[in-house]
Structures are given as C-alpha cells and as structure tokens.
Amino acid sequence: MSGRWAGRSDNRRRVTPAILLATTMLAGASGAHAAAATAAAAAAPAGDSTALQEVIVTAQKRSENIQSVPANVQAFGTQKIEQLHIQDFNDYIKFLPSVTYQSVGPGFSNVYMRGVAADNQSNHSGSQPSVGTYLDEQPITTVGGALDIHLYDIARVEALAGPQGTLYGASSEAGTIRIITNKPEIGKFSAGYDIEGNTVSHGGVGGTVEGFVNIPVNDKMAVRLVGWDEHDAGYIDNVYGTRTFSTGITVNNAAYVKKNYNAADTIGGRAALRIDLNNNWTITPMIIAQDERNDGIFAYDPSVGDLKVSHFRPEGVHDRWYQASLTIQGKIADFDVIYSGGYMDRKINSESDYTDYSYFYDKAYGYAAYFHDNAGHNIDPTQYIIGRDHFTKDSHELRISSPQSLRFRFIGGLFYQDQQHYIIQDYTIKGLADSNAEPGVQNLSVDGWPGTFWLTDQLRTDKDYAVFGEASFDITPALTFTAGIRGYKATSTLEGFYGFGLNGYSSTGEHSCFSSKAAVAGDPCTNLDKRISDTGETHKLNLTYHLTDDKLVYATYSTGFRPGGANRNGNLPPYQPDYLTNYEVGWKTSWLDRALRFNGDFYFEKWKNFQFSYLGQNSLTIVANAGDASIFGIESDVSWRVTHGLTISASGAYTDSTLDQDFCGGAACSSTNLVQAPKGTQLPVTPKYKANATARYEFDLAGLNAFIQGSVVYEGSSWSDLLTQAPIPYSNPADYVPIRSALGKQAAYTTADFSAGISRDNWHLDLMIENAFDTRGQIYRYAECTIQICGAESYIVPTRPRMIALKFGQKF
C-alpha cells in the first residue's frame, strides 16, 4: 500500500477469546501492547525537541494517539496524575470541564457529563446512571454511585464526553470515565513507595502510605502488587443543639458532639498476574479490594455555622468491596480477539441521622404526638436510618477487531451484565411500641422489626444483553467514514417490601401486601413485585478529515440510551427509557512542531423523554419521564510546552441545558396541578461555565531537579434541583412552595492549588497546598427530606478546606 494508508501505524492490541474460570474470580486488564504503548508515550521527547509527549488512549477499545481520536477525549497519564496530586474521584473530576457531580460523601457520588442531569436523587429505586465508569475493561457503575477508588499506580484516567452507547452501552448515555491500571511487566523488576502527611484547615491531620512492586517470575510471567493506607482528616464539627417537639419533649445531642466529625480511613490493595502463553496470547487475572470507614457527614448546616452541623443520632459508613477480573487476549489469524469478565461485590453498612424529618413533619402536622412506647407514653420521635446495601455485578464481553492498518477495519462484540442490589433501609425510633405493647396500646413497628417505623427490604436486579459493532472505511487517504450500532435488551425487576407496619399512618406497607410470603428474606410480607423490559438500538456516524498529519476535523452524529424501570409505589406506572441524540463538530490540532495542542468541539444534544427523580409523600422516591431538554455546548483544551521547562495547559466548557416544555409532576398541567418547572428552566447540577488552567516550570536547582506548579479551577453557579416549585404533601393540591429559592443556588467558586518539589535519582520530595485560599466551594445543596417540608434546613457539601501536604517517595 502507499500514501496515507501505508503510513497508518498498526496499534493492535494482543487479544484472545476466552472463558471465565468460575464466575467469581477474575476479569481483566488491557493488553501487553497497550501497556507498552503507554510506557513509550510517557517517555520525554528526544533531543532538544519541545514537542509535547504523545498520549496513547484506548477510548475506542484500541490503542491510538489521543490526537487521532475523532471525539472529545481527555486523559491523565501516570505522570500527570502524580503532578496534579490526583488520589481519588474528587481530584480528577475538577480538571474535567465536561464533567460535574453531586456527592454526599466518599462512594456516594453521581457523575454527569455535558449537562445531562435532571435530578438530585441517587435512590436505590431510582434511575440508572447516565455516565458509565470502568476499571480497565469492567464496568463499576452502580445506582448509588460508582466505586470511589484510591488512585495509585494508575496508567491513565480517560474521560469520553458524549454518547458512548455503541461501544459502552446503557450506562454511557452521556459519556464514560475509564480508570486504567498499570499492568505487570515481564523481564523488569520495579518498585516504589510514597509517604504523605497533611493538615487540613479547620480540621485534623491526615496521611497516606502507598507502595507497589513489579516482580518478573520468569520470561513469560510477572506479578504486580499494589497497596495503600490513607487517613483523611475530618473538618466538619457536630456541635451541641436541642430540638423541642409539639409533645413538649426536648432532646439534645450531647452524646454525639465531636470535632472533625467526618474523618475517613481507607485501606486497599491490588494484585495482577500476567502470563504470556506465547507470542500472541496473554492472560491477565487481577483482583482489587478496598475497605473504607468514615464517620459523620460531609456537609454543613449554614444555620448552625461554617463547617458545623447539629445532629442527634449515630452517623457513619463502612464501605468495602472487591472486584476480580480476567482478561484473555490474543490473535486468530490477523484478527485481534479479547475476552474480559469481572465480578464485583460491594457491601455498605451505614447509619444516618434523620432528625430533620421528625422535627419538620412535627412542625407541619403535629407528627410527634403519634409516637409512643409499649406503655402508651409519648417518646422522643427522632429517627435514624440503619442501611445495609449489597451490590453484585457480573459482566462479560467478547470482541474481535481487524488490523487497524487496513483501509476497511472493524470491531464487534457481545456483552452481558447481571447486577443485583439487595437493599435494607431501617427507619428506627428508639423505644417505639412493638408486638410487646400493653393491651389497648397500638403496635407501631413493622412486623418482625421492633422499633422500625418504616422498612425498605428489597432486591433489585438489572440485566443487559448487547451485540455491537463499529466499522471504518478510508474513502480517501485523508477522509474516513465510521459507522457503529448496538442492539440491546435490558430487564429490571424490583421485589420485596417497603412501608409502615399495620398501624402506620398510611395505607402503604403491610396494608398493601398482596402476599404473606416474603419475596426477600426478612420481609414481613410482599407488597412489591415489578418487572420491565426494553429492547432497541443505538448508533453512531462519524466523518473525519485529516487536513495534515497533525490536524483533523470531524463531524459526529451519535445516540445514547438509558433503560426504564419500576416505581415502587403501586399506583404509579413504570418510567420509560430516555434517549440522547448528539450532533457534534470538532477538531484535533498540533502546532509549532507539536509543542502546542489545540482541540475542541461544538455540540447540540436533544434529550428525549428524560427520567426525573423526586421525593413525593413520605419522602418516597418517584421517577417520571419529564419530557425533552436541549443542550448546547462548547468544549476546548490546549497544552503548550513553551520552553523545555515551562508547560501550560487549560481546558474549559460552556454548557447551556434547558427544559423544552413545562413539567407538571409527570401529569397534565391544570388549575390544581401547576407547573413545577417551566419551559426554559436550566437543568440542575451543571454550571454554564467550568474551566481550569495549570502552569508547571521545571528547572535545575544546585544539581537537583526542581519544579513549581500552580492550578486554578473555576466552576460557575448551578442549581441542585430541577423544580422551581412543588405541592406541599398532605395539603390542598393548589398549595405550592418554591423549591429552588428554599434550597438556594450553588454559588460559583474558584479554587487554587500550588506545589513545589525537588528530586534526584530515584527520590522526590513535594510540598503541596490545595485550595490555597480556603474557598468554600459548594459541591451540592440538599435537604434531608422532602424540600417542601425540610427546605428550611438545607445542607451544603463543600470543597475540602485548605490542605497542606508534604510527600516523599522513591522508585527502584
């Protein structure tokens, strides 16, 4: 071949068909070739060149230069991760302008891309995420939020903006985030460790110990072991407070007063084995596990004080998980084949204060008078929630791809996923009357659950089946056409029990049971058994034109989807799938002998029949299809190696996402069913503007390698809820209260990070100041129950206060 096709590099990954050895142990990594390509890309440019380092990504499930990918892809390699002091989810999200999130604490973050966000609910019975998160080849997304993985010894973090449904499926409707681990290297021993100590303003002292070792076993086998132990300092204080109820009972929280209430401890590790069976076939099993415990909450109550709350019941989370995976990759003739399979198991034990619900419902409806003990005496009605969540995810993918050097090339595959979520939410009131109540005194507890006023005991199962393919054809050496399609089937079931006991003040719960047999272990009876199934396809068309070897422009039409599901409430219909259609024009360019990169795109997206979660009566989550929304955006990033020592990078996004028609709570608008979000309302969560910039200068200091670095991140204002007003529960249907004004707007903020360091040979010493000016950025505003009732007591999840850290490490 001649011309452009002859010059196309063959970046094939070695891959392989396969079998998962049991179902529990194992599933995979990327490939030997991908690891080698990434290592090569990390090498500094040769000679006196000021060219930027090449970045190799696998966003399109093949290894290629990021500048050759006709899509918005941002990637942080190992070096950049270390330079930006990225250790967890919060650290890398702030440098991704197309990505926003809501979080109530570690492991409970919901990710959104390009403004595709409508609600602030991550409820177990709510919608699936619109952004997929992957660890290597395996999806790690759950309804309650993706795993919050401690990032150490990581090859790359990749963010793919826009629908990725063709290659990644249902939970990638708006985009995909991929975390790629460093793989074992054959024939090379290496090891390293890092030790960090830090102090947080208004808080305590923290620190981290991390290490890895790569051990060649022989000329065909190697093992890589990684471990970490981290203590995050707390900075929220639980201060003394009282509540007085309508019954005259006054309670205080003296037993739970504590400074630096939200400290967290995380320990984890990763083990991977690489076996080269021959020159074409590689097997990579891996297991990763993490155990995290945190106390308190990660929000403060402005009415109590800066970084302060006044809570009355135990609070904390114990989140532990493991994922076992296996990747087998190789070649059949000229075709690359890869199988990846994984099994994830995650368990969360939690306790949450729910006093606000008790207090504000009492103020509104005299709630407290209802509660008594076994003797019939009024009791302290404050509630707290004991949660038990058990997630499992079993995923498998088999794909085949042709040589990438061919004029016509393709990738195709099969995908299957089975995820289950066993849920217990036990709303407890101490001393509540139960089955031992005296004659004439009502039992207020759920049958078999003494002291439980409300019980959710459910099993949710979501299954996905898909066949997918994508093909590219070089019309000319400069012009390439790509088309992809994914056919899918998704099923969702929700069964078990939710609600009050027989004497609860509602017809839900035991009153609505249709079977005395427990569908889920521990249920008093069954009042929930719902199923829904979706089938369909999602597709993509792309045209890419190479102006030169260093410059391309592209146009993409792509679609994404999110499956429907069941509403718990028996009177409500299931919510239907929603769909995203994306029209995008972009460019990838390198200038000044590749010392300068300038990439960007314009896009318009139509979000059809989007799913919206909100709290109804009894703060029960309801999911409705709210109609359509339109999103227009601009994204751009630039990197410039100004001199051999000075590098500047920046990226930003403008996102304008609005509602296309009035929303009236999932029903037709009327004189008694008023508009809750009018046409033109800005969708929540995503600010119109988000940007960041980093400058790094490296120089010689008395024979030492030295650097100074500064980063600035700006995030515009946003709302945390779609609704502008909503009806008051148990009230006149025409009685509405403002929602956004009650909850407050998340104000715009700017944070700055600075660092400096020295290194020589195999050691480095770094000093870092994060959030240097102690900005109180607002990540999320929320109320503990229905905003119409509890909105007077809103909470703010802040950016972490200023942290000063000192880090020492060595590599061997």
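Structure: see above.
I will try to describe carefully the structure that is included in this document. All of these numbers come straight from a predicted model, not from anything done at the bench.

Conventions used here
Residues numbered from 1 in each chain as written. Predicted model: local features only at pLDDT ≥ 70, side-chain atom pairs only at ≥ 80, totals over all residues. Heavy atoms only, no water. Pairing = 2+ DSSP bridges. Helix = DSSP H or I, 4+ residues; strand = E, 2+ residues; numbered from the N terminus. Buried < 20%, exposed > 50% of the residue type's maximum accessible area, 1.4 Å probe, protein only. Polar contact = N/O pair within 3.5 Å; in protein donor to acceptor, adjacent residues only side chain to side chain. Core = buried A, V, L, I, M, F, W, Y, C linked by side-chain atoms within 4.5 Å. Contact = heavy atoms within 4.5 Å. Disulfide = S-S within 2.5 Å. Phe/Tyr/Trp six-rings, centres within 6.5 Å; stacked < 30°, edge-to-face > 60°. Lys NZ or Arg CZ within 6 Å of the ring centre and 35° of its normal.

Relative to strand β23 (residues 452-474), strand β22 (residues 408-428) is paired through 21 bridges, and the arrangement is antiparallel. For I411, the partnering residue across the bridge sits in β23 and is E470. The hairpin turn running from β23 into strand β24 (residues 479-499), its antiparallel successor, is 4 residues long.

Of note, D356 is situated in helix α6 (residues 355-365). Look at D356 and you get buried, because its relative accessible area is 1%. Each C-alpha atom of the pair D356 and S759 lies 52 Å from the other, and the pair is 403 residues apart in sequence. Polar side-chain contacts of D356 include one of 2.7 Å to the side chain of Y795.

Once that is clear, we can look at the sheet that holds strand β7 (residues 138-139). Read across the sheet, 5 strands follow the order β3-β8-β9-β6-β7 without closing on themselves; strand pairing throughout is mixed. Two strands lie at the open edges of the sheet, namely β3 (73-77) and β7, each paired on one side alone. Across 5 bridges, the pairing between strand β6 (residues 131-135) and strand β9 (residues 175-181) is parallel. The residue bridging L135 from the neighbouring strand is I179, located in β9.

Soluble globular proteins tend to bury their nonpolar side chains together. By size, the foremost hydrophobic cluster in this structure holds 107 residues, and its most contacted members are F76, Y92, I149, F610 and F612. Among all residues touching F612, those that are not within four sequence positions of it are A118, D119, I622, V623, A624, A626, F663, D721, L722 and L723. Among the nonpolar cores identified, the runner-up in size contains 17 residues, and I66, V69, L167 and Y488 belong to it.

This next bit is on the state of the cysteines. Scanning the entire structure with this criterion turns up 3 disulfides. Two residues share a disulfide in this structure: C513 and C525, whose sulfurs sit 1.9 Å from each other. On the sign convention where negative is left-handed, the bridge of C513 and C525, at about 60° about the S-S bond, is right-handed. Placement of C513 in the loop between β24 and β25 (528-548) and of C525 in the loop between β24 and β25 is noted, with a sequence separation of 12 residues between them. Across the disulfide from C664 sits C669; the S-S distance is 1.7 Å. Disulfide C664-C669: torsion about the S-S bond near 85°, hence right-handed. On the basis of relative accessible area, C664 is assigned to the buried category, the value being 3%. Each disulfide of the chain joins two cysteines, and with those cysteines numbered along the sequence the arrangement is 1-2, 3-4, 5-6.

Turning our attention to the packing of aromatic side chains. On inspection of all chains with the given rule, the structure shows 35 aromatic pairs. Each ring, one from Y193 and one from F808, has its centre 6.4 Å from the other, and the planes form 55°; the classification is tilted. Of this pair, Y193 sits in strand β10 (residues 190-200) while F808 sits in strand β41 (residues 803-811), and the two are 615 residues apart along the sequence. Take Y193: its relative accessible area is 25%, and that puts it in the partly exposed class. Stacked on the ring of Y168, the Lys or Arg K61 has its end atom at 4.6 Å from the ring centre. Lying across the ring of W591, K551 places its NZ or CZ 4.1 Å from the centre.

Counting buried positions along α6 yields 8 of 11 residues, so the element is predominantly enclosed. For α6, the elements touching its buried residues are β14 (242-244), β20 (335-353), α8 (787-790) and β40 (794-798). Backbone geometry just downstream of α6 places G366 in the positive-phi region, at approximately 65°.

So far we have only geometry, and geometry alone does not tell us how the molecule works.
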